[in-house]
Amino acid sequence: MSRQTGRHFLQIPGPTNTPLAVLAAIAKPTIDHRGPEFGRLGLQVLADIRTIFKTRQPVIIYPASGTGAWEAALVNVLSPGDQVLMAETGWFATLWKTMAARLQLDTTFIEGDWRSGIDASQIEARLADDKQHRIKAVAVVHNETSTGVTSDIAAVRRAIDRARHPALLLVDTISSLASIDYRHDEWGVDVTVGGSQKGLMLPPGLSFNAISEKARQAARNGKSVRSYWDWEDMLAANAKGYFPYTPSTNLLQGLKVAIELLHEEGLDAVFDRHKRAAEATRRAVQHWGFEVQCRNPAEYSPSLTAVRLPAGYSADRLRATILARCDISLGNGLGPLADTVFRIGHLGDFNDVSVAGTLSGIEMGMRICGIPYRSGGVDAAVEYMAGNGAPLAA
Ligand SMILES: *Cc1c(COP(=O)(O)O)cnc(C)c1O
């Protein structure tokens, strides 16, 4: 292998690039997870993470990928046979539904076209029909990472309220948390599921459940078999900053710094930066003459863009070419979108130049692969960012 020069561009929609300050914190010596220094760290991160979910209620941190936090949400609040209403926004919603079925929950999947977000009116209609209140939870994905579509969670909340239905609301924010505005308390969400490796700019390995008092009550009655994921064990130990089993000490050191970085920038500025990158990316894609997977402009994702290639061209070959020639990793099409769609991640730690560089690599890859496109997409993105940029910190 010859030496790879320059920096790798990790532009998949998670895991994302980890800032050096976070890497440095993770690289510090591992500490005693039952000692006083850890207790202080635990109390701090358990308090600070609430600001990211916009909640005053407890947030549980698991040493697990996001999928583990999904399982934790389901097995804590639900019992085998419980009905769960879900919305088919794409691949991740489908995985969540499959998991729920494996956990012996009775799932209803509102069908979708993988190009749009949750239709809250359908949720309202299903709940209004459920006079016996057999549906125990509505479980949805905020930002569908397979399609680049962001759903309106406040609208889902209103739909549940209008139907006067007591179902819990469970939301996957794994690819939106710390990239797209999200409000656990204000939107009345009962369990919010998050992960470390996307907007939080950490490596994979931590995941979260933000939980409401109603969810905690439901968990006291939940009959699913659970041990490792049990909230009460966690909350009891968390009260003093500790965990019932060995936590990811070094990732928690990184989490403390990642939260500091987010607040140093300001959450609103973080969200604006993601929106600006997404708009610049779409301008390039549209200039090239391609469609984005998301049909509805109001639902365009700020954290990633899924791009549809013209029929007859392989998105996987394009991605492989861009990786080999430009050292840029792009996301693949998932499930039925395999090879026809590729995904550009613009979330986590990036700036305008990372966006422009990524788009340049894509233009170069299309040229090499002989994919017909209108050149000038990078210019369109640069022109937009130049007119809408925030100044760099001095
Ligand atoms: C990445 C992602 C997941 C999967 O998380 P893992 O950490 O891979 O388990 C689930 N849902 C969404 C929306 C995601 O983006």
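Nothing here was measured: the structure is a model prediction, and the numbers come from that model. The numbering scheme is per chain: residues are counted from 1 as the chain's sequence reads. With the structure being a predicted model, the display of local features is reserved for residues of pLDDT at least 70 and the display and counting of side-chain atom pairs for 80 or more, all residues being used for whole-chain, interface and lining totals. As a rule here, side-chain values cover all heavy atoms of the structure and leave hydrogens and water aside.

Salt bridge, as used here, is a side-chain nitrogen of Lys or Arg placed within 4 Å of a carboxyl oxygen of Asp or Glu. For the structure shown, the criterion picks out 17 salt bridges. With a shortest N-O distance of 3.8 Å, Arg-220 and Glu-232 are connected by a salt bridge. Of this pair, Arg-220 sits in helix α7 (residues 213-221) while Glu-232 sits in helix α8 (residues 231-238), placing them 12 residues apart in sequence. In this structure, the salt-bridge partner of Lys-256 is Glu-260, at a minimum N-O distance of 3.3 Å. Of the two residues, Lys-256 and Glu-260 are both situated in helix α9 (residues 249-265); the distance of four residues between them amounts to about one turn of the helix. Summary of the burial criterion: residues with accessible area below 20% of their type's maximum are buried, those above 50% are exposed, and those between are partly exposed, where the area comes from a 1.4 Å probe applied to protein chains only. Look at Lys-256 and you get partly exposed, because its relative accessible area is 26%. Each of Lys-54, Asp-181, Arg-183 and Glu-186 takes part in one network of salt bridges that share partners. For the purposes of this entry, the term helix denotes a DSSP run of H or I that reaches at least four residues, the term strand denotes a run of E that reaches at least two, and both are numbered from the N terminus.

Let us look at the side chain of Thr-55. Tracing the backbone through its elements, the reader meets Thr-55 in the loop between α2 (36-53) and β2 (59-62). Judged by its relative accessible area of 8%, Thr-55 falls in the buried class. The definition of a polar contact used here is a pair of N or O atoms within 3.5 Å, where within protein one atom must be able to donate a hydrogen and the other to accept one, and adjacent residues in sequence count solely through side-chain atom pairs. Separated by 2.9 Å, the side chain of Thr-55 and the backbone nitrogen of Gln-57 make a polar contact. Reaching out from Thr-55, the side chain makes a polar contact with the side chain of Asp-185 at a distance of 2.6 Å. Contact definition: two residues touch when any of their heavy atoms are within 4.5 Å. Here Thr-55 is in contact with Arg-50, His-184 and Asp-185, once residues within four sequence places are set aside.

This part takes up the domain arrangement of the protein. Reported domain spans reflect what an automatic or database domain assignment gives. What the domain assignment reports for the protein is domain 1 (9-16 + 266-387) and domain 2 (20-263). Centre-to-centre, using C-alpha coordinates, domain 1 lies 27 Å away from domain 2. Contact with domain 1, which involves 31 residues of that partner, is made by 31 residues of domain 2. Each of two parts loses accessible area, computed with a 1.4 Å probe, when they are put together; buried area is these two losses added. Between domain 1 and domain 2 lies a buried interface of about 2500 Å² when both sides are counted; carbon and sulfur atoms form 58% of it.

Our next topic: the site of the ligand. In these notes, residues near a molecule or strand are those with any non-hydrogen atom within 4 Å of it. The full set close to the ligand counts 13 residues, and Ser-65, Thr-67, Thr-145, Asp-172 and Lys-198 are the nearest of them. The side chain of Ser-65 places a nitrogen or oxygen atom 2.6 Å from an oxygen atom of the ligand. Tallying contributions element by element places helix α3 (residues 66-77) first for the shell around the ligand, with three residues. Of the residues in the shell around the ligand, the class split is four nonpolar, seven polar and two charged. Amino acid classes used here: Ala, Val, Leu, Ile, Met, Phe, Trp, Tyr, Cys and Pro are nonpolar; Asp, Glu, Lys and Arg are charged; the rest, including Gly, are polar.

What follows covers α2. For α2, built from 18 residues, the straight-helix expectation of 26 Å at 1.5 Å per residue is met to within 8% by its first-to-last C-alpha distance of 27 Å. For α2, the complete set of buried residues consists of Phe-38, Gly-39, Leu-41, Gly-42, Val-45, Leu-46, Ile-49, Ile-52 and Phe-53. Seen along its axis, α2 keeps its buried residues to an arc of 160°; they face one direction. Looking at α2, the residues exposed on the side facing more than 90 degrees away from the buried face are Pro-36 and Arg-40. On its buried face, α2 is in contact with β2, β9 (191-195), β10 (207-211), α8, α9 and α10 (267-288). At the exit of α2 stands Lys-54, carrying a positive phi of roughly 55°. Each helix should span, by expectation, one fewer than its residue count multiplied by 1.5 Å. Taking the helix axis as origin, the arc is that swept by the directions to the C-beta atoms.

What follows deals with the environment of Lys-136. With respect to the helices and strands, Lys-136 occurs in strand β5 (residues 135-141). Not counting residues within four places of it along the chain, the set of residues in contact with Lys-136 comprises Leu-78, Asp-82, Gln-83, Ala-167 and Leu-168. Among the polar contacts listed, one links the side chain of Lys-136 to the backbone oxygen of His-133, at a separation of 3.0 Å.

What follows covers the nonpolar core. Residues belong to a common nonpolar core when they are buried Ala, Val, Leu, Ile, Met, Phe, Trp, Tyr or Cys residues joined through side-chain atoms within 4.5 Å. Ranked by size, the top nonpolar core spans 68 residues in total, and within it Leu-200, Trp-231 and Leu-255 carry the most contacts. Dropping the residues within four chain positions of it, Trp-231 is found in contact with Ile-60, Tyr-62, Ala-72, Ala-73, Asn-76, Val-77, Val-191, Asn-209, Ile-211, Ala-215, Arg-216 and Ala-219. Among the nonpolar cores identified, the runner-up in size contains 30 residues, and Val-355, Tyr-373, Val-378 and Ala-381 belong to it.

Turning our attention to the state of the cysteines. In this description, a disulfide is simply a cysteine sulfur pair whose atoms lie within 2.5 Å. Under the criterion given, the structure shown has zero disulfides. Not engaged in a disulfide, the cysteine Cys-326 finds its nearest cysteine sulfur in Cys-369; these two sulfurs lie 10 Å apart.

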